[in-house]
Amino acid sequence: MVIGILKESGAEKRVAMLPGEVVVLKKLGTDIIVENGAGEKAWASDMEYLSAGASVKGRNDLIAKSSLLLSVNPLIEENIESFSEGQILCSVVNPVENNKWLEKARLRALTVLALDLVPRTTRAQSMDILSSMATVAGYKAVLAAASLSPKFFPMFMSAAGTIKPSRVLILGAGVAGLQAVAIARKLGAVVEVFDVRSAVREEVKSLGGKFIEVEGAREDAGAGGYAVEQTDEFKEKQQELIQQRAMVADVVIATAQIPGRKAPVLLLADTVRKMKPGSVIIDLAASSGGNCELTENGKTIVVNGISITGKSDYPAMMSSDASKMFGSNVINLVKILVDKEGNLNLNMEDEIINCTTAVRGKDYVSHRIIQLLNI
Ligand code: NAD
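Since this is a predicted model, take the numbers as computed values, not measurements. (Residues numbered from 1 in each chain as written. Predicted model: local features only at pLDDT ≥ 70, side-chain atom pairs only at ≥ 80, totals over all residues. Heavy atoms only, no water.)

(A) Summary view of the pattern of salt bridges. Tallied over the full model, the rule gives 22 salt bridges. When the shortest N-O distance is used, the salt bridge between K324 and E21 registers 3.0 Å. Taken as a pair, K324 in helix α11 (residues 319-335) and E21 in helix α1 (residues 19-26) lie far apart in primary sequence, 303 residues in all. By relative accessible area, which is 41% here, K324 ends up partly exposed. Classification of E21 by relative accessible area gives buried; the value is 7%. (Salt bridge = Lys/Arg side-chain N within 4 Å of Asp/Glu carboxyl O. Helix = DSSP H or I, 4+ residues; strand = E, 2+ residues; numbered from the N terminus. Buried < 20%, exposed > 50% of the residue type's maximum accessible area, 1.4 Å probe, protein only.)

So this is what it looks like as C-alpha coordinates:
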(Lines give C-alpha, C1' and ligand atoms only; values in the text may rest on other atoms or scores of the structure.)
Protein backbone atom coordinates (compact mmCIF):
# COMPACT_ATOMS: atom_id res chain seq x y z
CA MET A 1 0.00 0.00 0.00
CA VAL A 2 1.20 3.54 -0.73
CA ILE A 3 0.61 6.03 2.08
CA GLY A 4 0.74 9.75 1.31
CA ILE A 5 1.50 12.22 4.11
CA LEU A 6 0.06 15.64 3.38
CA LYS A 7 1.14 19.12 4.36
CA GLU A 8 -1.25 20.88 6.74
CA SER A 9 -2.57 24.37 6.14
CA GLY A 10 -3.24 27.49 8.23
CA ALA A 11 -1.97 27.75 11.80
CA GLU A 12 -1.50 23.99 12.12
CA LYS A 13 2.12 23.18 12.94
CA ARG A 14 1.86 19.44 13.30
CA VAL A 15 2.48 16.85 10.62
CA ALA A 16 0.78 13.46 10.69
CA MET A 17 4.09 11.61 10.79
CA LEU A 18 7.67 12.58 11.52
CA PRO A 19 10.65 10.90 9.79
CA GLY A 20 11.35 8.70 12.85
CA GLU A 21 7.87 7.17 12.57
CA VAL A 22 8.18 6.86 8.77
CA VAL A 23 11.05 4.42 9.38
CA VAL A 24 8.73 2.28 11.53
CA LEU A 25 5.87 2.51 9.02
CA LYS A 26 8.17 1.37 6.19
CA LYS A 27 8.94 -1.79 8.17
CA LEU A 28 5.25 -2.74 7.82
CA GLY A 29 5.88 -3.11 4.08
CA THR A 30 4.22 0.13 2.98
CA ASP A 31 5.59 2.76 0.57
CA ILE A 32 5.47 6.34 1.74
CA ILE A 33 5.21 9.60 -0.17
CA VAL A 34 5.53 12.88 1.73
CA GLU A 35 4.33 16.21 0.34
CA ASN A 36 7.07 18.82 -0.19
CA GLY A 37 7.60 20.80 3.01
CA ALA A 38 5.06 18.73 5.02
CA GLY A 39 7.27 18.59 8.12
CA GLU A 40 8.66 22.14 7.94
CA LYS A 41 6.69 23.56 10.87
CA ALA A 42 7.49 20.47 12.97
CA TRP A 43 11.20 20.91 12.28
CA ALA A 44 11.45 17.92 9.94
CA SER A 45 13.03 18.56 6.54
CA ASP A 46 12.33 16.86 3.22
CA MET A 47 15.89 15.51 3.39
CA GLU A 48 15.10 13.73 6.67
CA TYR A 49 12.02 12.13 5.12
CA LEU A 50 14.12 11.00 2.15
CA SER A 51 16.71 9.48 4.51
CA ALA A 52 13.87 7.71 6.36
CA GLY A 53 12.98 5.95 3.09
CA ALA A 54 10.04 8.06 1.89
CA SER A 55 9.82 9.81 -1.45
CA VAL A 56 8.95 13.51 -1.54
CA LYS A 57 6.52 14.83 -4.16
CA GLY A 58 4.13 17.66 -4.99
CA ARG A 59 0.53 17.46 -3.73
CA ASN A 60 -1.19 16.47 -6.99
CA ASP A 61 1.29 13.71 -7.69
CA LEU A 62 0.99 12.44 -4.10
CA ILE A 63 -2.83 12.38 -4.23
CA ALA A 64 -2.78 10.54 -7.56
CA LYS A 65 -0.35 7.84 -6.37
CA SER A 66 -1.44 7.12 -2.76
CA SER A 67 -4.14 4.68 -1.75
CA LEU A 68 -4.23 6.08 1.82
CA LEU A 69 -3.92 9.82 2.40
CA LEU A 70 -2.85 10.73 5.90
CA SER A 71 -3.23 14.17 7.46
CA VAL A 72 -3.85 15.67 10.89
CA ASN A 73 -6.88 17.70 9.78
CA PRO A 74 -9.50 16.62 7.22
CA LEU A 75 -8.80 17.65 3.61
CA ILE A 76 -11.88 19.86 3.42
CA GLU A 77 -10.25 22.54 1.29
CA GLU A 78 -9.19 20.09 -1.41
CA ASN A 79 -11.58 19.69 -4.33
CA ILE A 80 -13.43 16.41 -3.65
CA GLU A 81 -13.01 15.55 -7.36
CA SER A 82 -9.24 15.32 -6.81
CA PHE A 83 -9.76 12.03 -4.98
CA SER A 84 -10.64 8.80 -6.68
CA GLU A 85 -13.34 6.31 -5.73
CA GLY A 86 -12.19 3.92 -2.99
CA GLN A 87 -9.27 6.12 -1.95
CA ILE A 88 -8.83 6.24 1.83
CA LEU A 89 -8.62 9.56 3.68
CA CYS A 90 -7.37 9.21 7.25
CA SER A 91 -7.32 12.15 9.69
CA VAL A 92 -9.12 13.64 12.65
CA VAL A 93 -12.53 14.50 11.16
CA ASN A 94 -14.71 16.31 13.74
CA PRO A 95 -17.75 14.69 12.09
CA VAL A 96 -20.39 16.94 13.62
CA GLU A 97 -18.65 20.15 12.56
CA ASN A 98 -17.65 18.74 9.15
CA ASN A 99 -20.81 16.79 8.36
CA LYS A 100 -21.31 18.45 4.94
CA TRP A 101 -17.79 17.51 3.85
CA LEU A 102 -18.32 13.97 5.09
CA GLU A 103 -21.49 13.72 3.02
CA LYS A 104 -19.54 14.85 -0.07
CA ALA A 105 -16.89 12.22 0.64
CA ARG A 106 -19.59 9.57 0.98
CA LEU A 107 -21.19 10.52 -2.34
CA ARG A 108 -17.75 10.38 -3.99
CA ALA A 109 -17.43 6.79 -2.61
CA LEU A 110 -14.30 7.61 -0.64
CA THR A 111 -13.38 5.74 2.51
CA VAL A 112 -12.89 8.10 5.45
CA LEU A 113 -11.11 6.83 8.56
CA ALA A 114 -11.83 9.25 11.39
CA LEU A 115 -9.08 9.08 14.00
CA ASP A 116 -11.37 10.80 16.49
CA LEU A 117 -13.70 7.80 16.25
CA VAL A 118 -11.16 5.19 17.35
CA PRO A 119 -13.03 3.41 20.17
CA ARG A 120 -11.79 4.06 23.70
CA THR A 121 -11.13 0.43 24.49
CA THR A 122 -8.03 -1.19 25.96
CA ARG A 123 -7.08 -2.74 22.59
CA ALA A 124 -7.33 0.62 20.84
CA GLN A 125 -5.50 2.58 23.52
CA SER A 126 -2.26 2.76 21.53
CA MET A 127 -4.20 4.33 18.60
CA ASP A 128 -6.06 6.89 20.70
CA ILE A 129 -5.17 10.25 19.19
CA LEU A 130 -7.74 12.08 21.33
CA SER A 131 -5.91 10.97 24.47
CA SER A 132 -2.50 11.92 23.08
CA MET A 133 -3.66 15.36 22.05
CA ALA A 134 -5.56 15.91 25.31
CA THR A 135 -2.32 15.13 27.15
CA VAL A 136 -0.61 17.92 25.21
CA ALA A 137 -3.52 20.30 25.85
CA GLY A 138 -3.57 19.67 29.61
CA TYR A 139 0.17 20.21 29.87
CA LYS A 140 0.16 23.40 27.80
CA ALA A 141 -2.86 24.81 29.65
CA VAL A 142 -0.98 24.70 32.95
CA LEU A 143 2.10 26.33 31.43
CA ALA A 144 -0.05 29.05 29.83
CA ALA A 145 -1.78 29.69 33.16
CA ALA A 146 1.52 29.82 35.03
CA SER A 147 2.94 32.35 32.62
CA LEU A 148 -0.18 34.57 32.70
CA SER A 149 -0.54 34.41 36.48
CA PRO A 150 1.05 37.14 38.60
CA LYS A 151 1.76 34.51 41.29
CA PHE A 152 4.16 31.61 41.82
CA PHE A 153 2.68 28.12 41.59
CA PRO A 154 4.91 26.60 44.32
CA MET A 155 5.22 27.65 47.92
CA PHE A 156 8.44 29.55 48.56
CA MET A 157 10.17 30.11 51.86
CA SER A 158 12.80 32.74 51.32
CA ALA A 159 14.54 35.57 53.13
CA ALA A 160 11.81 37.77 51.65
CA GLY A 161 9.17 35.81 53.52
CA THR A 162 6.87 32.93 52.71
CA ILE A 163 4.94 32.80 49.45
CA LYS A 164 1.78 30.72 49.53
CA PRO A 165 1.27 28.17 46.72
CA SER A 166 -1.25 28.99 43.98
CA ARG A 167 -4.66 27.34 44.16
CA VAL A 168 -5.66 25.68 40.88
CA LEU A 169 -9.21 24.59 40.20
CA ILE A 170 -9.69 22.02 37.45
CA LEU A 171 -13.09 21.46 35.90
CA GLY A 172 -13.32 18.07 34.20
CA ALA A 173 -10.87 15.27 34.98
CA GLY A 174 -10.70 13.46 31.63
CA VAL A 175 -7.34 12.98 29.93
CA ALA A 176 -6.56 16.73 29.66
CA GLY A 177 -7.82 17.49 33.17
CA LEU A 178 -5.79 14.70 34.77
CA GLN A 179 -2.68 15.81 32.91
CA ALA A 180 -3.33 19.35 34.16
CA VAL A 181 -3.65 18.03 37.73
CA ALA A 182 -0.31 16.22 37.37
CA ILE A 183 1.57 19.21 35.93
CA ALA A 184 0.05 21.77 38.34
CA ARG A 185 1.01 19.49 41.24
CA LYS A 186 4.53 19.11 39.85
CA LEU A 187 4.77 22.90 39.85
CA GLY A 188 3.72 22.85 43.50
CA ALA A 189 0.18 24.22 43.32
CA VAL A 190 -2.73 23.14 45.53
CA VAL A 191 -5.22 21.48 43.19
CA GLU A 192 -8.97 20.96 43.47
CA VAL A 193 -11.02 19.08 40.89
CA PHE A 194 -14.65 18.74 39.81
CA ASP A 195 -16.03 15.99 37.57
CA VAL A 196 -19.36 14.27 37.18
CA ARG A 197 -17.80 10.83 36.86
CA SER A 198 -17.09 9.36 40.28
CA ALA A 199 -14.65 6.90 38.62
CA VAL A 200 -12.00 9.63 38.44
CA ARG A 201 -12.04 10.33 42.20
CA GLU A 202 -9.21 7.87 42.94
CA GLU A 203 -7.13 9.03 39.95
CA VAL A 204 -7.36 12.64 41.10
CA LYS A 205 -6.37 11.64 44.61
CA SER A 206 -3.43 9.55 43.43
CA LEU A 207 -2.10 12.59 41.53
CA GLY A 208 -2.28 14.68 44.69
CA GLY A 209 -5.44 16.64 43.84
CA LYS A 210 -8.57 17.03 45.96
CA PHE A 211 -11.75 15.71 44.34
CA ILE A 212 -14.81 17.77 45.18
CA GLU A 213 -17.88 15.64 45.07
CA VAL A 214 -21.28 17.03 44.08
CA GLU A 215 -23.97 14.56 45.00
CA GLY A 216 -26.58 13.37 42.51
CA ALA A 217 -24.50 13.22 39.30
CA ARG A 218 -26.02 11.22 36.44
CA GLU A 219 -23.72 8.56 35.05
CA ASP A 220 -24.44 6.22 32.16
CA ALA A 221 -22.54 2.95 31.80
CA GLY A 222 -23.59 2.91 28.12
CA ALA A 223 -21.86 6.23 27.36
CA GLY A 224 -18.47 4.55 26.84
CA GLY A 225 -16.84 6.17 29.86
CA TYR A 226 -17.96 9.67 28.80
CA ALA A 227 -20.04 12.16 30.76
CA VAL A 228 -23.75 12.67 30.07
CA GLU A 229 -26.01 15.72 30.39
CA GLN A 230 -26.90 16.48 34.04
CA THR A 231 -30.22 17.39 35.67
CA ASP A 232 -31.05 21.06 36.37
CA GLU A 233 -31.00 20.36 40.11
CA PHE A 234 -27.47 18.92 39.90
CA LYS A 235 -26.26 21.80 37.72
CA GLU A 236 -27.49 24.33 40.25
CA LYS A 237 -25.78 22.54 43.15
CA GLN A 238 -22.59 22.13 41.16
CA GLN A 239 -22.51 25.80 40.09
CA GLU A 240 -22.86 26.90 43.70
CA LEU A 241 -19.93 24.74 44.82
CA ILE A 242 -17.81 25.74 41.82
CA GLN A 243 -18.47 29.39 42.64
CA GLN A 244 -17.26 28.86 46.23
CA ARG A 245 -14.04 27.18 45.05
CA ALA A 246 -13.43 29.62 42.14
CA MET A 247 -13.59 32.58 44.52
CA VAL A 248 -10.48 31.32 46.34
CA ALA A 249 -8.67 30.00 43.23
CA ASP A 250 -5.79 31.75 41.44
CA VAL A 251 -6.19 29.64 38.31
CA VAL A 252 -9.10 27.74 36.76
CA ILE A 253 -8.44 25.21 34.00
CA ALA A 254 -11.66 24.13 32.34
CA THR A 255 -11.71 20.93 30.29
CA ALA A 256 -15.26 19.57 30.67
CA GLN A 257 -16.86 18.20 27.50
CA ILE A 258 -19.76 15.99 26.47
CA PRO A 259 -19.10 14.27 23.11
CA GLY A 260 -21.26 15.56 20.26
CA ARG A 261 -22.83 18.32 22.40
CA LYS A 262 -22.09 21.84 23.48
CA ALA A 263 -19.69 21.95 26.44
CA PRO A 264 -21.42 22.42 29.82
CA VAL A 265 -21.31 25.99 31.17
CA LEU A 266 -19.76 25.62 34.61
CA LEU A 267 -18.33 29.08 35.31
CA LEU A 268 -21.04 31.72 35.11
CA ALA A 269 -20.23 35.38 34.40
CA ASP A 270 -21.38 36.12 37.94
CA THR A 271 -18.82 33.63 39.33
CA VAL A 272 -16.02 35.20 37.25
CA ARG A 273 -16.89 38.65 38.66
CA LYS A 274 -16.50 37.25 42.18
CA MET A 275 -13.03 35.81 41.50
CA LYS A 276 -9.85 37.52 42.72
CA PRO A 277 -8.40 40.11 40.31
CA GLY A 278 -5.25 38.74 38.69
CA SER A 279 -6.73 35.24 38.47
CA VAL A 280 -6.46 33.28 35.24
CA ILE A 281 -8.97 31.04 33.46
CA ILE A 282 -7.84 28.72 30.66
CA ASP A 283 -10.82 27.25 28.84
CA LEU A 284 -9.88 24.19 26.77
CA ALA A 285 -13.54 23.60 25.87
CA ALA A 286 -13.62 26.93 23.98
CA SER A 287 -14.23 25.45 20.51
CA SER A 288 -17.33 23.62 21.72
CA GLY A 289 -18.81 26.70 23.38
CA GLY A 290 -16.60 26.92 26.48
CA ASN A 291 -17.07 26.00 30.14
CA CYS A 292 -16.96 29.67 31.07
CA GLU A 293 -19.84 31.89 30.04
CA LEU A 294 -17.46 34.70 29.03
CA THR A 295 -14.97 32.65 26.98
CA GLU A 296 -14.19 33.84 23.46
CA ASN A 297 -12.70 31.06 21.35
CA GLY A 298 -9.12 31.72 20.25
CA LYS A 299 -8.79 34.89 22.36
CA THR A 300 -7.50 36.07 25.72
CA ILE A 301 -9.78 38.69 27.22
CA VAL A 302 -9.63 40.44 30.59
CA VAL A 303 -12.81 40.94 32.63
CA ASN A 304 -12.57 42.74 35.99
CA GLY A 305 -8.88 41.84 36.15
CA ILE A 306 -9.49 38.15 35.42
CA SER A 307 -7.84 36.93 32.25
CA ILE A 308 -9.80 34.35 30.28
CA THR A 309 -8.07 32.39 27.54
CA GLY A 310 -10.28 30.34 25.22
CA LYS A 311 -8.00 27.86 23.53
CA SER A 312 -8.72 24.43 22.15
CA ASP A 313 -5.77 24.15 19.77
CA TYR A 314 -2.71 23.84 22.00
CA PRO A 315 -1.72 20.54 20.29
CA ALA A 316 -1.52 22.36 16.92
CA MET A 317 1.15 24.60 18.45
CA MET A 318 3.30 21.84 19.94
CA SER A 319 4.58 20.66 16.59
CA SER A 320 7.33 18.26 17.54
CA ASP A 321 6.09 16.00 20.30
CA ALA A 322 2.41 16.27 19.34
CA SER A 323 3.38 15.08 15.81
CA LYS A 324 5.45 12.27 17.27
CA MET A 325 2.53 11.05 19.39
CA PHE A 326 0.12 11.44 16.47
CA GLY A 327 2.39 9.40 14.17
CA SER A 328 2.88 6.64 16.74
CA ASN A 329 -0.88 6.32 17.21
CA VAL A 330 -1.39 6.14 13.43
CA ILE A 331 1.27 3.42 13.06
CA ASN A 332 -0.61 1.28 15.56
CA LEU A 333 -3.77 1.74 13.52
CA VAL A 334 -1.99 0.96 10.22
CA LYS A 335 -0.74 -2.28 11.79
CA ILE A 336 -4.32 -3.59 11.76
CA LEU A 337 -5.08 -2.16 8.29
CA VAL A 338 -2.39 -4.08 6.39
CA ASP A 339 -1.44 -7.72 5.93
CA LYS A 340 2.08 -9.16 6.36
CA GLU A 341 3.15 -7.90 2.92
CA GLY A 342 1.96 -4.38 3.63
CA ASN A 343 -1.13 -4.65 1.40
CA LEU A 344 -4.39 -3.06 2.48
CA ASN A 345 -6.71 -5.40 4.37
CA LEU A 346 -9.69 -3.40 5.59
CA ASN A 347 -11.44 -6.00 7.73
CA MET A 348 -14.79 -4.49 8.59
CA GLU A 349 -15.41 -7.28 11.12
CA ASP A 350 -12.66 -5.76 13.27
CA GLU A 351 -14.33 -3.59 15.93
CA ILE A 352 -11.67 -0.87 15.77
CA ILE A 353 -11.74 -0.60 11.97
CA ASN A 354 -15.52 -0.65 11.91
CA CYS A 355 -15.85 2.09 14.55
CA THR A 356 -13.19 4.24 12.88
CA THR A 357 -14.64 4.02 9.35
CA ALA A 358 -16.91 7.02 8.99
CA VAL A 359 -17.94 6.37 5.37
CA ARG A 360 -17.17 3.62 2.85
CA GLY A 361 -18.70 2.57 -0.48
CA LYS A 362 -21.30 5.37 -0.27
CA ASP A 363 -22.44 4.22 3.20
CA TYR A 364 -22.05 5.63 6.68
CA VAL A 365 -20.40 2.82 8.65
CA SER A 366 -19.42 3.74 12.23
CA HIS A 367 -22.31 3.47 14.69
CA ARG A 368 -20.98 6.60 16.43
CA ILE A 369 -21.33 8.59 13.19
CA ILE A 370 -24.88 7.36 12.78
CA GLN A 371 -25.57 8.38 16.39
CA LEU A 372 -23.75 11.74 16.25
CA LEU A 373 -25.23 12.84 12.91
CA ASN A 374 -28.62 11.41 13.73
CA ILE A 375 -28.80 9.53 10.41
P1 NAD B 1 -13.89 14.58 27.53
O2 NAD B 1 -12.90 15.45 26.83
O3 NAD B 1 -15.10 14.14 26.79
O4 NAD B 1 -14.39 15.34 28.86
C5 NAD B 1 -13.47 15.81 29.82
C6 NAD B 1 -14.02 15.57 31.21
O7 NAD B 1 -15.08 16.47 31.49
C8 NAD B 1 -14.57 14.17 31.46
O9 NAD B 1 -13.87 13.58 32.53
C10 NAD B 1 -16.04 14.41 31.81
O11 NAD B 1 -16.53 13.50 32.77
C12 NAD B 1 -15.98 15.83 32.37
N13 NAD B 1 -17.28 16.51 32.39
C14 NAD B 1 -18.26 16.52 31.46
N15 NAD B 1 -19.32 17.25 31.87
C16 NAD B 1 -19.00 17.73 33.11
C17 NAD B 1 -19.67 18.55 34.05
N18 NAD B 1 -20.90 19.00 33.82
N19 NAD B 1 -19.03 18.85 35.20
C20 NAD B 1 -17.79 18.38 35.45
N21 NAD B 1 -17.09 17.60 34.60
C22 NAD B 1 -17.69 17.28 33.45
O23 NAD B 1 -13.19 13.31 28.16
P24 NAD B 1 -11.91 12.50 27.73
O25 NAD B 1 -10.72 13.11 28.31
O26 NAD B 1 -11.94 12.35 26.25
O27 NAD B 1 -12.15 11.10 28.44
C28 NAD B 1 -13.43 10.62 28.69
C29 NAD B 1 -13.42 9.18 29.21
O30 NAD B 1 -12.82 8.27 28.32
C31 NAD B 1 -12.68 8.99 30.50
O32 NAD B 1 -13.40 8.03 31.24
C33 NAD B 1 -11.41 8.38 30.14
O34 NAD B 1 -10.84 7.65 31.20
C35 NAD B 1 -11.91 7.47 29.05
N36 NAD B 1 -10.82 7.09 28.17
C37 NAD B 1 -10.62 5.76 27.97
C38 NAD B 1 -9.58 5.37 27.15
C39 NAD B 1 -9.30 3.92 26.89
O40 NAD B 1 -9.74 3.08 27.62
N41 NAD B 1 -8.60 3.64 25.82
C42 NAD B 1 -8.79 6.30 26.54
C43 NAD B 1 -9.03 7.66 26.77
C44 NAD B 1 -10.08 8.03 27.59
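After that view, the rundown keeps rolling.
(B) Region of the structure containing the site of the ligand. Neighbouring the ligand are 22 residues; R120, V175, D195, R197 and Q238 lie closest to it. Taking V175, its main chain carries an N or O atom lying 2.7 Å from an oxygen atom of the ligand. In this structure, Q257 approaches the ligand through a main-chain N or O atom, which is 3.5 Å from an oxygen atom. Surface burial for the ligand is 85%, taken as the share of its 840 Å² of free accessible area covered by protein chains. When its residues are assigned to classes, the shell around the ligand shows 9 nonpolar, 9 polar and 4 charged. (Near = heavy atom within 4 Å. Polar contact = N/O pair within 3.5 Å; in protein donor to acceptor, adjacent residues only side chain to side chain. Areas by Shrake-Rupley, 256 points an atom, 1.4 Å probe, with all protein chains shown as cover. Nonpolar A, V, L, I, M, F, W, Y, C, P; charged D, E, K, R; others polar.)

(C) Just the pairing of strand β9 (residues 167-171), in detail. Counting buried residues along β9, 4 of its 5 residues qualify, which places the element largely inside the surrounding structure. Since β9 and strand β10 (residues 190-194) lie parallel, the crossover through helix α6 (residues 175-186) that links them has a hand, and here it is right-handed. Relative to strand β12 (residues 251-254), β9 runs parallel, the two sharing 4 bridges. Each residue of the ladder has a partner; that of L171, found in β12, is A254. (Right-handed = clockwise from strand over helix to strand, strands pointing away. Pairing = 2+ DSSP bridges.)

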